[in-house]
Amino acid sequence: MIKQSGSGSLTTEQKQFYEEQGYLIIPHLLSQEDLSSARDAMTQKVSMIADELFEDGLITDKLEDRPFPNRLAELFQHLTAENFLKYGRSWRDRIPGYFTLMSNPKILDAVESLIGGELFANPVYNVRPKVPRVAAGAVPWHQDKSYWPDANANPVITVWIPLVDANEVNGCLHIKPQTHRKRVLKWHRETYTGTGYTALKDSQLGKTETVALPVPAGSAILFNDRCLHMSTPNLSHEVRWSVDLRYQPTDQDPMPQHGVGFLARSHKYPTRVATLSDWLAEKSEHSD
Ligand SMILES: O=C(O)CCC(=O)C(=O)O
């Protein structure tokens, strides 16, 4: 069954902007209700981390009453970046709430407007708890395609969505418009965050202006996988919670080396669209 349209379809002007600039902001694409399943999944993970920190004797209070943007930041307030990085700079758990978000019809409508209605959700999706003071929160200039250099030339679209307002204090995305027309630049693995991001040198960035993209919670920033982008450190006291999801046409490489993606929408083969059970079982398509 094709899920009902979520009315996230783009206007001609929005499509034109994306084609010309390589990115697009869709303010308030998702409501708080749309985000709730993912927020619950993140909350579940934070509770698991609090339990572990407590059992390891690193904290004496699990801060169960703290609000979503604060709790994880406060749990690590007196701990080290290494303590935090034990849990990873980004998370890719198979918790049902993430599948609900990745299958949200509003997101799929927007992506369909750009690349058609045969949509595969790329296995690379990240939940990013950008906590203050951890160097790995700031992501260096890169092109997403540096993570899949051998994939074919068909588009991979990142859909970046903050669960809290993202701004220049807590480290919003920054982008270089029109760089989606560039080839994949020679990248290196940075060594200062301890997590090995792919990164570009300043000398490779060219003269294109940098645009900061502060956006309210639930907005979406869509960008092409060749578009140069980065994010700045989190200088606030709260977590800059975001997700980056990726979608591609079904004729792009499914990239099994990164995990198992799933058929998110298909007009040709609607019965093959993956269900939650398929996704939890790491099956990319539904079969009876
Ligand atoms: O969320 C961030 O800070 C960076 C995201 C990013 O680089 C990406 O989605 O490729």
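Residues numbered from 1 in each chain as written. Predicted model: local features only at pLDDT ≥ 70, side-chain atom pairs only at ≥ 80, totals over all residues. Heavy atoms only, no water.

The chain is annotated in an unreviewed UniProt entry as Phytanoyl-CoA dioxygenase from Paenibacillus pectinilyticus.

Quick word on helix α3 (residues 68-75)
What counts is decided by this rule: Accessibility here uses a 1.4 Å probe with only protein chains present; expressed as a share of the type maximum, an area under 20% marks a residue as buried, one over 50% as exposed, and anything in between as partly exposed. Only runs of H or I of at least four residues qualify as helices and only runs of E of at least two qualify as strands under DSSP, and these elements are numbered from the N terminus. By the convention used here, residues are in contact when the closest approach between their heavy atoms is within 4.5 Å.
For α3, the tally of buried residues reaches six of eight residues, placing the bulk of the element in the interior. Taken together, the buried residues of α3 touch α2 (32-55), α4 (81-85), β3 (126-130) and β12 (240-249).

Observations regarding unusual backbone geometry
At Leu-63, a residue that is not glycine, the phi angle is positive and equals roughly 50 degrees. Structurally, Leu-63 can be placed in the loop between α2 and α3. Classification of Leu-63 as buried rests on a relative accessible area of 9%. At Glu-282, a position not held by glycine, the phi torsion is positive, near 60 degrees. Its location among the elements puts Glu-282 in the segment after α7 (276-280). Judged by its relative accessible area of 46%, Glu-282 is partly exposed.

Notes on the packing of aromatic side chains
Just so we agree on the cut-off: Ring pairs are drawn from Phe, Tyr and Trp, using the six-membered ring of Trp, whenever the two centres fall within 6.5 Å, and their geometry is named by plane angle: stacked under 30 degrees, edge-to-face over 60, tilted for the rest. When the NZ atom of lysine or the CZ atom of arginine is within 6 Å of a ring's centre and also within 35 degrees of its normal, the charge is said to sit over that ring.
Tallied over the entire structure, the rule returns eight aromatic pairs. Between the aromatic rings of Phe-76 and Phe-84, the centroid separation amounts to 5.2 Å while the plane-to-plane angle is 90 degrees, which identifies the pairing as edge-to-face. According to the relative accessible area criterion, Phe-84 is buried, its value standing at 3%. A ring pair is formed by Phe-99 and Phe-262, whose centres lie 4.9 Å apart and whose planes are at 45 degrees; its orientation type is tilted. Here the residue Phe-99 occupies a position in helix α5 (residues 96-102), and Phe-262 occupies one in strand β13 (residues 262-265), the gap between them amounting to 163 residues. For Phe-262, a relative accessible area of 1% puts it in the buried group. One aromatic cluster is present, formed by Phe-99, Tyr-125, Phe-262 and Trp-279 through successive ring pairs. Its guanidinium or amino end placed over the ring of Trp-141, Lys-176 lies 5.0 Å from that ring's centre, counting from NZ or CZ. Here Arg-272 stacks its cationic end above the ring of Tyr-269, 3.9 Å away from the centre of that ring.

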